[in-house]
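# Examining the three-dimensional arrangement
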Amino acid sequence: MKLNSAVVSLTNLLTRSEKSESEQFSDLYNKYQKLVRSVIFQIAGPSHLSDLVQETFIRVWGKLPEFRKESEISSWIYRIAVNIALDHLRSEKRHPTSSDAVLEFKNDGRDLEQELANRELVSESLMALSAEHRTVIVLSLIHELSLAETAQVLEVSEGTVKSRLHYAKEHLRQFVSELSEKKRTL
């Protein structure tokens, strides 16, 4: 499911004159908080997640008058969330190492133990990537943004997105292959 498929237009959200500023902020937060939380969690991990989500919405609300409506508001919010997550990683000068950064999967009847093992593998694999590669994987593959949308969010060319995606997938294959080899030798 694309997270930005349920986007309401910014104009509709903010032109309701009967709503107070706090109600407008609440509408904005309720509409995009899952997207923001998910992106930050998958890029930066669980460390300081609530603080980073809060920082994102403070920045979004503060810069809302500067939003030029040249793109979807969801792309603009993605960009702010990605920047905050990457800034957090840079400020820590290390990649998160917590194995708690797992993705949500729908339970499709698979063995719970196997599903937990798969989540752990995905989490470890993502955290083994550089921040640039992890970000392009999260946006393109997990959040299912198109190459053009991912390029817009990251403010790079589509060619750069393709290149990063290619190398990220190669690193993931190598990581999974090495992990499989380690398990076979145990």
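Below or above, wherever it landed, is the structure these notes cover.

The next subject is the pattern of salt bridges. Inspection of the entire model under this criterion finds five salt bridges. Here Arg 90 makes a salt bridge to Asp 87, at a shortest N to O gap of 2.7 Å. Of this pair, Arg 90 and Asp 87 both sit in helix H4 (residues 73–92), three residues apart, roughly one helical turn. Residue Arg 90 is classed as exposed on the basis of its relative accessible area, which comes to 52%. Arg 164 is the salt-bridge partner of Glu 132, the closest N and O atoms lying 3.4 Å from each other. Taken together, the positions of Glu 132 in helix H6 (residues 131–142) and Arg 164 in helix H8 (residues 158–185) put the pair 32 residues apart, joining distant regions of the chain.

Take the packing of H6 against H8 next. Between H6 and H8, the shortest axis-to-axis distance is 9 Å and the interhelical angle comes to 100 degrees. Viewed along their axes, H6 and H8 adopt a mutual orientation that is roughly perpendicular. Within the contact between the two elements, H6 uses Glu 132, His 133, Val 136, Ile 137, Ser 140 and Leu 141 and H8 uses Val 161, Arg 164, Leu 165, Tyr 167, Ala 168, Lys 169, His 171 and Leu 172. Classifying every residue of the contact of H6 with H8 gives eight nonpolar, three polar and three charged.

As a further point, take the packing of H4 against helix H7 (residues 147–154). At a closest axis distance of 8 Å, the pairing of H4 and H7 adopts a crossing angle of 55 degrees. Comparing the axis directions of H4 and H7 gives the class oblique. The two elements H4 and H7 cross, and the hand of that crossing is right-handed. Mapping the contact onto sequence places Ser 75, Tyr 78, Arg 79 and Val 82 in H4 and Gln 152, Val 153 and Leu 154 in H7. Considering only residue class, the contact of H4 with H7 consists of four nonpolar, two polar and one charged.

It is worth spelling out the packing of aromatic side chains at this point. Overall, the coordinates contain four aromatic pairs when judged by the stated rule. Both rings, one in Phe 25 and one in Trp 61, keep their centres 5.3 Å apart while their planes meet at 90 degrees; by these two values the pair is edge-to-face. Placement of Phe 25 in helix H2 (residues 21–44) and of Trp 61 in helix H3 (residues 49–63) is noted, with a sequence separation of 36 residues between them. Overall, the relative accessible area of 27% leaves Phe 25 in the partly exposed class.

What follows is about H6. Most of H6 sits inside the fold, with nine of its twelve residues counted as buried. For H6, the set of buried residues is Ala 131, His 133, Arg 134, Thr 135, Val 136, Ile 137, Val 138, Leu 139 and Ser 140. Note on H6: the residue one or two positions beyond its end, Glu 144, has a positive phi of about 55 degrees.

In this structure, the second largest pocket occupies an estimated 430 Å³ of space. Forming the boundary of the second largest pocket are 16 residues, of which Arg 68, Ser 71, Trp 76, Arg 79 and Glu 155 lie nearest the centre. Those elements giving two or more residues to the lining of the second largest pocket turn out to be H3, H4 and H7. For the lining of the second largest pocket, the element with the highest residue contribution is H4, accounting for five residues. The class makeup of the residues in the lining of the second largest pocket is four nonpolar, four polar and eight charged.

Before going further, it helps to examine the environment of Thr 160. Summarising the element assignment, Thr 160 is placed in helix H8. Thr 160 sits in the partly exposed class, given a relative accessible area of 28%. Sequence separation between Thr 160 and Leu 147 is 13 residues; the distance between their C-alpha atoms is 9.6 Å.

What counts and how
Residues numbered from 1 in each chain as written. Predicted model: local features only at pLDDT ≥ 70, side-chain atom pairs only at ≥ 80, totals over all residues. Heavy atoms only, no water. Salt bridge = Lys/Arg side-chain N within 4 Å of Asp/Glu carboxyl O. Helix = DSSP H or I, 4+ residues; strand = E, 2+ residues; numbered from the N terminus. Buried < 20%, exposed > 50% of the residue type's maximum accessible area, 1.4 Å probe, protein only. Axes fitted to C-alpha atoms, helices over the stretch in contact; angles between N-to-C directions. Parallel < 35°, antiparallel > 145°, perpendicular 65-115°, else oblique. Contact = heavy atoms within 4.5 Å. Nonpolar A, V, L, I, M, F, W, Y, C, P; charged D, E, K, R; others polar. Left-handed = near helix turned anticlockwise from the far one by under 90°. Phe/Tyr/Trp six-rings, centres within 6.5 Å; stacked < 30°, edge-to-face > 60°. 1 Å grid on protein atoms, 1.4 Å probe; cavity = no way out; pocket = protein on both sides within 12 Å on 5 of 7 lines; lining within 4 Å. Points joined across faces, edges and corners; volume = space filled by probe spheres on them.

Taken by themselves, the reported measurements are silent on function.
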